[in-house]
Each structure stands twice: as C-alpha cells, then as structure tokens.
Amino acid sequence: MSVQLVIAEKPSVARSIAAVIGAAEKQNGYWQGGGYLVSWCIGHLVSFAEAGQYDEKYCKWRYEDLPILPQPWQFIVPDEKKQQFEVLRALLNRPDVDSVTAATDAGREGELIFRFVYQMAGCTKPVKRLWVSSMEDAAIREGFANLRPDSDYDALYQSALCRAKADWLVGINATRLFSVLYHKTLTVGRVQTPTLKMLVDRDAKILRFQKGKYYTVGIQSDSLKADSERIPDAETANSLKEKCTGAVAVCTSVKREKKTEQPPKLYDLTTLQREANRLFGFTAKQTLDYAQQLYEKKLLTYPRTDSQYLTEDMGQTAQHLVSDLLGLLPFTQGLALTPDVDRVLNSKKVSDHHAIIPTSEFVKQGFTGLAESECKLMNLVCSKLLCAIAAPHEYETVTAVFSCAGNEFTANGKAMLVPGWKEIDQRFRSTLKADNEEEVLNSLPELTEGQSFSVAADISEHFTSPPKAYTEDTLLSAMERAGAEDMPKDAERKGLGTPATRAAILEKLVQMGFVQRKGKQLVPTKDGINLAVVLPESLTSPALTAEWENRLTEIAKGNADADE
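Keep in mind it's a predicted model, so treat the numbers as computed, not measured. (Residues numbered from 1 in each chain as written. Predicted model: local features only at pLDDT ≥ 70, side-chain atom pairs only at ≥ 80, totals over all residues. Heavy atoms only, no water.)

*Asks:* Please provide a residue-by-residue account of the overall build of the chain, values included.
*Replies:* Along the chain, the regular secondary structure elements total 18 helices and 18 strands. Across its three principal axes, the chain shows a C-alpha extent of roughly 100 × 65 × 40 Å. Counting only residues that meet the buried cut, the chain has 50% of its 564 residues in that class. Within the chain, residue pairs in contact and separated by at least 24 positions form 78% of the contacts whose partners lie at least 6 positions apart. The averaged location of the 75 negative side-chain charges in the chain is 3 Å from the averaged location of its 67 positive side-chain charges. (Helix = DSSP H or I, 4+ residues; strand = E, 2+ residues; numbered from the N terminus. Buried < 20%, exposed > 50% of the residue type's maximum accessible area, 1.4 Å probe, protein only. Contact = heavy atoms within 4.5 Å. Lys, Arg positive; Asp, Glu negative; His and termini not counted. Charge placed at Lys NZ, Arg CZ, Asp CG, Glu CD.)

*Asks:* Lay out helix α9 (residues 284-296) in plain terms, naming residues and giving numbers.
*Replies:* In this model α9 runs 18 Å from its N-terminal to its C-terminal C-alpha over 13 residues, within 8% of the 18 Å that 1.5 Å per residue would give. In this fold, the buried residues of α9 make contact with α8 (269-280), α12 (372-388), α14 (472-481) and α15 (502-511). Looking one or two residues beyond α9, the residue adopting positive phi is K298, at roughly 70°. (Expected span 1.5 Å × (residues − 1).)

*Asks:* With reference to specific residues and values, describe the side chain of T216.
*Replies:* Within the element layout of this structure, T216 appears in strand β10 (residues 213-221). Reaching out from T216, the side chain makes a polar contact with the side chain of H462 at a distance of 3.0 Å. Once residues lying within four places of it in the same chain are set aside, the contact partners of T216 are S228, E229, R230, D458, I459, S460 and H462. (Polar contact = N/O pair within 3.5 Å; in protein donor to acceptor, adjacent residues only side chain to side chain.)

*Asks:* With reference to specific residues and values, describe empty space enclosed by the protein.
*Replies:* Counted according to the given criterion, the structure contains four cavities of 30 Å³ or more. Put simply, the largest cavity is a space of about 80 Å³. As for the largest cavity, its lining consists of V13, I17, A103, T104, D105, A106, L130, V132, M135, Y295 and Y302. Per-class residue counts for the lining of the largest cavity are nine nonpolar, one polar and one charged. Counted as a void, the second largest cavity has a volume near 50 Å³. What lines the second largest cavity is I219, Q220, S221, L224, K225, A226, A249, F402, F453 and V455. Those elements that provide at least two residues to the lining of the second largest cavity are β10 and β11 (224-227). Class assignment of the residues belonging to the lining of the second largest cavity gives a composition of seven nonpolar, two polar and one charged. (1 Å grid on protein atoms, 1.4 Å probe; cavity = no way out; pocket = protein on both sides within 12 Å on 5 of 7 lines; lining within 4 Å. Points joined across faces, edges and corners; volume = space filled by probe spheres on them. Nonpolar A, V, L, I, M, F, W, Y, C, P; charged D, E, K, R; others polar.)

*Asks:* So what's going on with the packing of α12 against helix α13 (residues 421-430)? Residues and values would help.
*Replies:* Contact geometry of α12 with α13 gives a least axis separation of 9 Å together with a crossing angle of 165°. Relative to α13, the element α12 is oriented roughly antiparallel. Considering how the two elements wind past one another, α12 and α13 form a crossing that is right-handed. Residues N379, L380, S383, L386 and C387 of α12 pack against W421, I424, D425 and F428 of α13. (Axes fitted to C-alpha atoms, helices over the stretch in contact; angles between N-to-C directions. Parallel < 35°, antiparallel > 145°, perpendicular 65-115°, else oblique. Left-handed = near helix turned anticlockwise from the far one by under 90°.)

*Asks:* Would you mind going over the layout of surface pockets in detail, with residue names and values included?
*Replies:* Of the volumes computed, that of the second largest pocket is approximately 710 Å³. Along its surface, the second largest pocket is lined by 25 residues, and C162, K165, A166, L169 and E564 are the ones closest to its centre. For the lining of the second largest pocket, the elements supplying multiple residues, two or more each, are α5 (154-182) and α18 (542-556). For the lining of the second largest pocket, the leading source of residues is α5, giving 12 residues. Looking at the lining of the second largest pocket residue by residue, the class counts come to 16 nonpolar, three polar and six charged.

*Asks:* Any details on the nonpolar core? Residues and values, ideally.
*Replies:* Ranked by internal contacts, the top residues of the largest apolar core, which has 47 residues, are L310, L377 and L380. Put simply, the parts of the chain that give this core at least two residues each are α8, α9, α10 (315-328), α11 (360-365), α12 and α13. Apart from the residues within four sequence positions on either side, L377 is in contact with L272, A276, F282, T287, Y290, A291 and L294. Listed in part, the 40 residues of the second largest apolar core include F48, W73, L88 and A164. (Core = buried A, V, L, I, M, F, W, Y, C linked by side-chain atoms within 4.5 Å.)

*Asks:* Hey, could you go over the pattern of salt bridges for me, with residue numbers and the actual values?
*Replies:* When the charged atoms of two side chains with opposite charge come close together, those side chains can pair. Summed over the entire model, instances satisfying the criterion amount to 42 salt bridges. We note a salt bridge from D289 to K285, for which the minimum N-O separation is 2.8 Å. You can see D289 and its partner K285 sitting in helix α9, four residues apart, about one turn around the helix. By relative accessible area, D289 is classed as partly exposed at 30%. Residue K285 is classed as partly exposed on the basis of its relative accessible area of 35%. (Salt bridge = Lys/Arg side-chain N within 4 Å of Asp/Glu carboxyl O.)

*Asks:* Pulling in residues and values, what's your account of the pairing of strand β14 (residues 407-418)?
*Replies:* Note: strand β13 (residues 393-404) against β14, 11 bridges, orientation antiparallel. Residue pairing across strands places C404 opposite N407, the latter belonging to β14. Counting the residues between successive antiparallel strands, the hairpin from β13 to β14 contains two residues, one of them, A405, with a positive phi of roughly 50°. (Pairing = 2+ DSSP bridges.)

Interpretation note: all reported values are geometric properties and have no functional meaning in isolation.
What follows is the structure, given as structure tokens:
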C-alpha cells in the first residue's frame, strides 16, 4: 500500500491538516491514517553552515581571511532540531511513501524550509505543493483537491535561496570586517543596518532641532473665528491686533468644495501591524504572533501577505461574511449597510495570498475563548472588512477669507453630507479604551461675499515642533517606502524587508542593544548611533536592499536569473 507524506511547517499546522485528511493516529513525530503520513518541520530545520565549518581558520575573525565566499554551500541541522529532522528523513525515504506534499507556509520562506529538508534527506520522490490562504477545513480540503507540481514554485525557491545566500554573505563578511576594524562586535545586516540608520538620522534631526516661536492674530464675531498667517515677531502681531480690535472685517471670498473619501483597503500584514501599534500599542512582532495564532485556530486567513485585495472568485464568500459579521459585532447593531463587495476584489493585485480577513469559522465561533489581545485584533480585522465594502464618505469644506485692517484672515469649516464608511470606523473606535481621535466638525455660519462684521481680536503664541521619534507604526511605513524614490515606478517590491520579516528585524535591533523602546517610540542607543556612523553609505542606504528585494521578486516571477 503506498502512502502520501505531507510536510507542514509547524506541529500545530500539521495537526490541523491531519484532522482534515483523516490521519488521526498519533505516532512519534508524525500523524498517520487514511493513506497519509503528516509530519512537520520546526521552522528552519536545515540552515547554511557557519563559516568555521568551511575551514578551521575561519573560527577566528581575521581581516586577511575576508571575504568568505562558500563554494559549494554547505548545510547543517542545528542540534536542537536533529530529532525532528531524523523523523522526516526516515519518512521521506520510507519505501511505501511514493509521493510528497509540501504543506509548509505558502510563501518564499516556506518554500525554502521544505526544499532544504527534502534535499538534505537525499529524497528524489515527486513533490506536489499545497497552497492555501486559510487553515479552515474547507480551504485545506480544496487545497488537497488542487495540488500543484512543486516545480511550479521553482522560481520562488530560487528567490528564497538568493535571499538566504545574500543575507549570509553580507552578514558574515560585513560583521567580521567592521568588528575587526573597530575591535568590537558590530553586527551588520542587509535589512537591519539601513533600518537602524533611519532611526539614527531621525534622532539626529530631533537633537539638532531649534524651537522657533511665532504668533497668530484671531478675529472673532459671535461664533465666527478667523486667523491670520504666522507672524514671526510679537510687535507686528500686537500692532495688527490693535488695528483690528473694534474694526470691521469684510468677507472677500467663500469657497465650497464637495469632497469624497474612498473607503480604506483591506489589511495586508504591514497595515495591520501599523494600526495595531497605533491603536493598541502592539509591537510589530506581537501583532504577527497574535495573527499567526488566530490563523492556526482557523479564525483568520494567512497573515504574511502583502496584498490588500481578495481574488475575484471570493465575491460570494465576502458577501456572506459581511452579513454574518453585522449580526455578530456589538458595534454594528442597527447599522444600515449596503455592501459593495466588488470594491475589494482584484485578482491582478493578489500575488501569493489575498488580504487578511476573518474566516467563516470565526463567524460560527465568535469571540468565545479568545485572549483579550486576540479579540482586539479580530475586531480590527472585522471592522476593516466592513469599512472597505461600505459607501464612500462625503463632506463639504468651506474656506472663507476676510479682510480686516489691510490683512487677510481665514476660517475653515467642514460639514458632513454622507457618513459612509466613517460611521463604522467611528462606531468601532468608540468601543476602544484607546485615545479616540473623534473628528470635530467645525460648521461656519452662512456667509456671502461682501458681508461685513465688527470684530474683536486676540493673539496666540505658538512654537514650531520638532520631528517626531519613530513609533513602530511610522517606522514600518518608512521601511515600506524606503528607497522608493530610487526605484523604477513599476517595481513590485519596494522598501526594506518584506511584510513577513520586518517585525523580526525590529526585534533583533532591540535584542542586540542598538535600539530601545521608550513607550511607543523606538530610539537608537549610543551603540546603535556609533555603528550607523562608522558604516559606509552602501551598507546603510536603503537603496541597495530595495534594489535587492525588487530583483528577488523578479526572480520569483521567473523574470530574472538567480545565478547572476
């Protein structure tokens, strides 16, 4: 009897898959039953060997031994993972196993994890690929019904392999070079170093900032208030105030503009991390961990995605989800909503995985048994889905200009016409204990050109404000855009790292003592500043890494050659 071996990335995922395909019998390191064996990796089971394994002399860090360029590359299985690797090696080479299914996470790293194990075990059996965006039973069943040859993902593997080699070469050689030159361990990395430099540059701007004082003069008549431009000195401001006190102001222009604010897009991982940081203070890593837990509990779709759309065949699913969520969420009670699901469907903008949305399993189960942090994240994802398919928000702005004592004063007003998606957003935010930025609508009285008012005047004193320190929210956004100005317009992957790796980079900088958290802020330490200052621009500029990320994406799509 021949059996099929399925290899997942983590024990919990293997357990979910085994339950769906009927491999219910637990063995040592795998599940079996129904013609299947289901086993798992523990993250990266196989990795590149350390430099010392290529040559004894590399155990010491010496300038004259650089650069170290492995030829051919060697691999190791770390001691703490040997046991599970041996389980997999035995299963891969079992005579009754006639085919293998790669069920590691469906992305660049997942592909690498599986291929390294398969090659290291010396296996040559045919491989199929399971590619799913959700751990729900139905999605797994459908995935098994549509397995694809793993060779379809050769280009993705090549790009993962390039990424791993590049990181090894930069990490090992640059770290040794600068540590030897400066007699201190200075860890250098392809993505972490430019990220550190961004924090150091911002810190320097804040330190160099000189506070400037300025004044504005306001004129007022009943509920109407208008302000002057900035005035640099107190004397000019005082004299203007005196001229305007008790004088007449004439309305010289009234401009009304109708504006429409389109609904937000669905979440990809980076936007989810940014908003969870802004609203709840979660770090990027916490958000990814919570989302991963919810994915493994089948309540959320695959989190490591860079797409903000769903594929066009998901219209029905989305429609059902939305109507079910309206009944489930406390903040949507009594909400009139005409969903426009088409707005979030665009197969062309979905590469490996669609946007992050709740699953139908979540609709059945609701928030029962979830930790507070998981509830917060689920609420965030649900409210985003509802906002994304709601009507646009429409409002009118009014800008009125007045002339008084030969000077111009401006008043701005805003009136809401159609609440649209903002109503859902406000309802959701009002359930948060977070600081709620409730929007204040400033309505101006009816104004016509040529109307005149007698006014009172006052002065207010203001200070220019320094640039703000990065928070995880603003840093993730900056990483996403880093180097973008140096990239071609149509480059797919811009920025530092990928949605899946950014959180780990930030954690690593903190662990290595180059960056510290102060409340929500990320601030470079003295060591971090010193490191960023001594490294050459080619290593600290995001342009190099952004260019690499773009090339890696091109390799994954089969448009570029990995060997180059």
